[in-house]
Every structure is written in structure tokens, then in C-alpha cells.
Amino acid sequence: STLLSNWDEDRDNSLSAGALFNYLAHSRVVLGGSLQRVRGFDQYGVSADWDALQSLKLYANLFHTGQHGQGYDLQALWNYDAGNLVLSRSQSWQQYPRLRGQLERAPAQQVIQTSAAWMHRIDQRWSANARIARSDGLYGGNALDLGVTYHGKLLGSDANWRTSVFDRPGSITT
């Protein structure tokens, strides 16, 4: 089906296989790894999940994909009685295959994403959430999401109503 594909080579009939493991290194630490082969490329990664405190969780992930790039993800999650705060950071160096008709592959592109997300339960029926993010590199820009959720009843059944406003990279204001 090369008619609808923009990739220089199609491998629709290729086999994908892989393995994943997690090891409980300590009651609060899980170490992991993965290895897979997809469309002729090796992909591998390592991860660590740490419950630093009862209310604080830290996550880290390093990955590499043969001829496509590598990167990392970091995340901190802080829970409190009425909600949570999540801080995230990821950085990758992405290399894409040649597109149909290109003589050479485009150079690798660095992509960095940083965000903070907050969710707070105001009372039993109302909660609020906010997320602010910054992306640099491919499709760079700022993002802002704000929302309010109401948990109630509709025709006798539980229902959630959510109102959100957002501004994402790629729009006129960013």
C-alpha cells in the first residue's frame, strides 16, 4: 500500500517482538527494562519508579530506538488529601526516516517538553484542574489548560460535567 504512504520504504509485513521486565529492588523501588524489535529497528529502555515518601512518587525512563533517536522522561507526583501536583520533563532527539522522494534524511531534531499539572478537589461535587506546559523544538510553544468538573446526578445516574478552556502550541495565540 505505497499509494497512501509517505515513507520511502514500506514494511507492512514485518514482525514485531519484544520483552519487558520489572524488578522489585526494594519495597519502594521498581527497576525495569525493555527490548523490542519493530520494523527492523531495535528499541530498548530502562526505567526506575521510586516511592520516595507516602505522598511523593518519582519516575524516570531512558530510551533509545535504532536510527530513530533517544531520550528521557522524568516525572514527580505529589499527592495530598484534596488533590495532586505532577511535574514532568522529557527530552528526545528524534531522527526520522527519509520521506518518499527525499535524497537524504532530515537532521535529528531535539524536542523538550516541560509541564506542571494540578488537580484539586474543592468539595464533594466540585474539582478544578490546571496544566501549564512548554515545548521547544518540533511544534514548540506554550500550552495552558484550565478546567472545572462537577460530579452530580443526571436522570438518577451519576454524571460528571466538565468545562475546559485551553490554548495549545500551533494556535494563533501561542
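Scroll up a little and you will see the structure.
Parameters at a glance
Residues numbered from 1 in each chain as written. Predicted model: local features only at pLDDT ≥ 70, side-chain atom pairs only at ≥ 80, totals over all residues. Heavy atoms only, no water. Phe/Tyr/Trp six-rings, centres within 6.5 Å; stacked < 30°, edge-to-face > 60°. Helix = DSSP H or I, 4+ residues; strand = E, 2+ residues; numbered from the N terminus. Buried < 20%, exposed > 50% of the residue type's maximum accessible area, 1.4 Å probe, protein only. Salt bridge = Lys/Arg side-chain N within 4 Å of Asp/Glu carboxyl O. Contact = heavy atoms within 4.5 Å.

For the rest of this paragraph, the subject is the packing of aromatic side chains. By the definition in use, this model includes 2 aromatic pairs. For the ring pair Trp126 and Tyr150, a centre distance of 4.9 Å and an interplane angle of 55° mean the geometry is tilted. With a gap of 24 residues between them, Trp126 in strand β8 (residues 126-136) and Tyr150 in strand β9 (residues 141-154) connect regions that are remote in the sequence. Taking the relative accessible area as the measure of exposure, Tyr150 reaches 27% and is therefore partly exposed.

This next bit is on the pattern of salt bridges. In this structure the tally under the stated criterion is 4 salt bridges. In this structure, Arg37 and Asp42 form a salt bridge, with 2.7 Å as the shortest nitrogen-oxygen distance. Residue Arg37 is classed as partly exposed on the basis of its relative accessible area of 41%. Judged by its relative accessible area of 35%, Asp42 falls in the partly exposed class.

The subject of this paragraph is the side chain of Ser135. Its location among the elements puts Ser135 in strand β8. Ignoring sequence-local partners within four residues, the contact set of Ser135 consists of Ile112, Gln113, Gly140 and Gly141.

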